[in-house]
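Now for the letters of each chain:
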Amino acid sequence: MATMKSVRTGAVGKIDVVDVERPAPGPKDALMRVRACGICGTDTHFLHLGGIPFGPGGSMISLPLGHEPAGEIVEVGAEVTGLKAGDRVVVNPQGAPSGIIGCGGRLGGMGEYLLIEDAVLGRSVTVFPDTVPFAVAALNEPMAVARHCVNRSEAGPADRVVVFGAGPIGLGAAIWLKLRGVEHVVVADIIPERLETALAIGADAVINSAKENVTERLTELHGQAANALGQPRPATDIYIDAAGVPAIINTTVASAKWGAKLVMVAVQKQSAAIDLGGMLRSELTLIASQGYPTEIFEVTPEIVEHQERFAKLISHHVPFSDVEQAFLLARTPGAAEKVVVTFDE
C-alpha cells in the first residue's frame, strides 16, 4: 500500500502529521501532487478548537487541514477530459462531493497528494501556466474570497474605500479594488509591517488605527460629507471589514456618511452590540460576503497576469518538513502575514 503524509488537527493548538493511504483516482477523478498550500485563519481556528464538534455528543474529531493547495496532476481517470499528467492546477475546495476540502470534508490539501473528486475542468479544477510559482498559485482560493467581497461592494471608479485589516483577504481586496479602477483605497491596520505591504501592493494610503484617529484621517483623505441629519462625516463610500473585530463595526457606524456601505468579509470572533440608531442616521447598508459563489476560477487569469503584485502577500515560505513551525507562525498574532507551505520539487 502506497502511503503519504497528511496534516490533521491534533490536540488543542496542535497538528498531527500522519501517514495515510495515498488515494487512487477513480474513472472520474484525478490525483494531484501538492506543491504548495497556504495556511488560512480557518485552519488555525480548527486548531484552537482541537478539531470539529461532529463526534458523539458534540465531541471533537480530527480533520484533515488545508484548503489552499496548488500542485500538478500525476494521474487522471479514464473518463476525465481536459486534464493530463504534468498540468499545474488549483482546485475548488467547495467542489468536492465528499465535503469542503480542508474544512470538514474527508480530504485535505495540506498533504503530499490530493484526490480531485469528479475532476471537471472549470468546475472542480483549473490549469495555470508554468510561469507562475506554485506558492503564488496557492493564493487562488483566498483571492477568490477577497474578489467576492469586492464584487459584493459593487465599488466603482469614483468610490472612496477603506479596508480594515491588512491580512491576505484585506490586502487581496485592496488589489482587486485597484485593478477594478477604484479611485482611492485606504488600508487600516495596527501592524506597521502590514501597512508597508499595503502600500507595496498599490493602496493609496494607510492608517495605523492604533495611533491615528480613523475618522479624522478618513476625512483628511476622502473629504467631508454628512449623514442623514447633516452631521459631518468622512466622504468614504465603502467600508470593508477584513479583520473581524467589534471596534471596526463601531467605528464604521460612527463614521459613515449618508448612503455608505459596510461589507463584512471577516468572521466576527466576538459579537458586539450595533448602534442601530447610528445605522439609521446614515442609512448605512450592511452587506455580508461569504466564500466565492462564482469567483474561484474567475480570479486565476488575473493572478497569472499580476503575479508579482500578489506574490507580495506571502511573508513566509516554509518547507513541509517544518510544517509544525509553519502553523506556529500562522497562529502567533503579528508573526506572519501569509504563510505558504512548500513541498519538495
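Parameters at a glance
Residues numbered from 1 in each chain as written. Predicted model: local features only at pLDDT ≥ 70, side-chain atom pairs only at ≥ 80, totals over all residues. Heavy atoms only, no water. Helix = DSSP H or I, 4+ residues; strand = E, 2+ residues; numbered from the N terminus. Rg over C-alpha atoms; globule rule 2.2 N^0.38 Å. Buried < 20%, exposed > 50% of the residue type's maximum accessible area, 1.4 Å probe, protein only. Areas by Shrake-Rupley, 256 points an atom, 1.4 Å probe, with all protein chains shown as cover. Axes fitted to C-alpha atoms, helices over the stretch in contact; angles between N-to-C directions. Parallel < 35°, antiparallel > 145°, perpendicular 65-115°, else oblique. Left-handed = near helix turned anticlockwise from the far one by under 90°. Contact = heavy atoms within 4.5 Å. Pairing = 2+ DSSP bridges. Phe/Tyr/Trp six-rings, centres within 6.5 Å; stacked < 30°, edge-to-face > 60°. Lys NZ or Arg CZ within 6 Å of the ring centre and 35° of its normal. Arc of directions from axis to C-beta. 1 Å grid on protein atoms, 1.4 Å probe; cavity = no way out; pocket = protein on both sides within 12 Å on 5 of 7 lines; lining within 4 Å. Points joined across faces, edges and corners; volume = space filled by probe spheres on them. Nonpolar A, V, L, I, M, F, W, Y, C, P; charged D, E, K, R; others polar.

Re the overall build of the protein
Link 1 in the chain: In terms of helices and strands, the protein carries 11 helices and 17 strands.
Link 2 in the chain: Relative to a compact globule of 345 residues, whose C-alpha radius of gyration would be 20 Å, the protein shows 21 Å and is just as compact.
Link 3 in the chain: Along the longest, intermediate and shortest principal axes, the C-alpha atoms of the protein span 70 × 45 × 30 Å.
Link 4 in the chain: Counting only residues that meet the buried cut, the protein has 53% of its 345 residues in that class.
Link 5 in the chain: Taken as a whole, the protein presents about 14,700 Å² of accessible surface, with 52% of it coming from carbon and sulfur.

Points about the packing of helix H3 (residues 140-153) against helix H4 (residues 168-179)
Link 1 in the chain: Taken N-terminus to C-terminus, the directions of H3 and H4 make an angle of 55°; their axes are 8 Å apart at the nearest point. If you check the angle between H3 and H4, you find them oblique. Pair H3 / H4 crosses with right-handed handedness. Contact with H3, carried on its side by Pro 142, Met 143, Val 145, Ala 146, Arg 147 and Val 150, involves Pro 168, Ile 169, Gly 172, Ala 173, Trp 176 and Leu 177 of H4 and no other residues of that element.

Considering the sheet that holds strand E8 (residues 160-164)
Link 1 in the chain: If you walk across this open sheet you meet the 6 strands as E10-E9-E8-E13-E14-E15, and the pairing is parallel. Two strands bound the open sheet, and with one partner strand each, they are strand E10 (205-208) and strand E15 (285-288). Across the sheet, the axes of successive neighbouring strands diverge by a mean angle of 20°, strand direction being ignored.
Link 2 in the chain: Here E8 runs beside strand E9 (residues 184-189); their pairing, made up of 5 bridges, is parallel. Within the sheet, the bridge partner assigned to Val 162 lies in E9 and is Val 186.
Link 3 in the chain: Strand contacts of helix H6 (residues 214-222): E8, E9, E10 and strand E13 (238-241), with the helix running at about 165° to E10, the strand carrying the most contacts.

Some points on the packing of aromatic side chains
Link 1 in the chain: Taken as a whole and assessed by the stated rule, the structure comprises 4 aromatic pairs.
Link 2 in the chain: Ring geometry for Phe 128 against Phe 134: centres 5.9 Å apart, planes inclined by 85°, an arrangement best described as edge-to-face.
Link 3 in the chain: Residue Phe 128 is classed as buried on the basis of its relative accessible area of 4%.
Link 4 in the chain: For Phe 134, a relative accessible area of 9% gives the class buried.
Link 5 in the chain: Summarising the aromatic geometry, the rings of Trp 176 and Phe 310 are spaced 5.1 Å apart at their centres and angled 50° between planes, so their arrangement reads as tilted. Remark: Phe 310 occurs in helix H10 (residues 307-311) and Trp 176 occurs in helix H4; sequence separation between them is 134 residues.
Link 6 in the chain: Against the face of Phe 134 rests Arg 88, its NZ or CZ located 3.9 Å from the ring centre.
Link 7 in the chain: A cation sits over an aromatic face here: Arg 147 above Trp 176, 4.5 Å from the ring centre.

Some words on helix H11 (residues 323-331)
Link 1 in the chain: Looking only at H11, the buried set comprises Val 323, Ala 326, Phe 327 and Leu 329. Seen from one end, H11 has its buried residues packed into an arc of 155°, which puts them on one side.
Link 2 in the chain: Contacts from the buried residues of H11 go to strand E1 (3-9), strand E2 (15-21), helix H1 (41-49), strand E16 (316-319) and strand E17 (339-342).

Observations regarding the pairing of strand E6 (residues 113-116)
Link 1 in the chain: Of the two faces of E6, the one holding Tyr 113 and Leu 115 and the one holding Leu 114 and Ile 116 are both buried throughout.
Link 2 in the chain: Pairing analysis gives 4 bridges linking strand E3 (residues 30-38) to E6, with the strands arranged antiparallel. When the bridges of E6 are listed, Met 32 appears paired with Leu 114.

Observations regarding empty space enclosed by the protein
Link 1 in the chain: The full count for this structure, using the stated rule, is 2 cavities of 30 Å³ or more.
Link 2 in the chain: The space that makes up the largest cavity amounts to roughly 50 Å³.
Link 3 in the chain: Lining the largest cavity are Val 90, Phe 128, Val 132, Ala 137, Asn 140, Thr 300, Ile 303 and Val 304.
Link 4 in the chain: Per-element tally for the lining of the largest cavity: the top contributor is helix H9 (residues 300-305), with 3 residues.
Link 5 in the chain: When grouped by side-chain class, the residues that make up the lining of the largest cavity number 6 nonpolar, 2 polar and no charged.
Link 6 in the chain: Roughly 40 Å³ of internal volume is contained in the second largest cavity.
Link 7 in the chain: Taken together, Val 91, Asn 92, Gly 95, Ala 96, Ile 101, Ile 116, Glu 117 and Ser 124 form the lining of the second largest cavity.
Link 8 in the chain: Of the residues that constitute the lining of the second largest cavity, the class distribution is 4 nonpolar, 3 polar and 1 charged.

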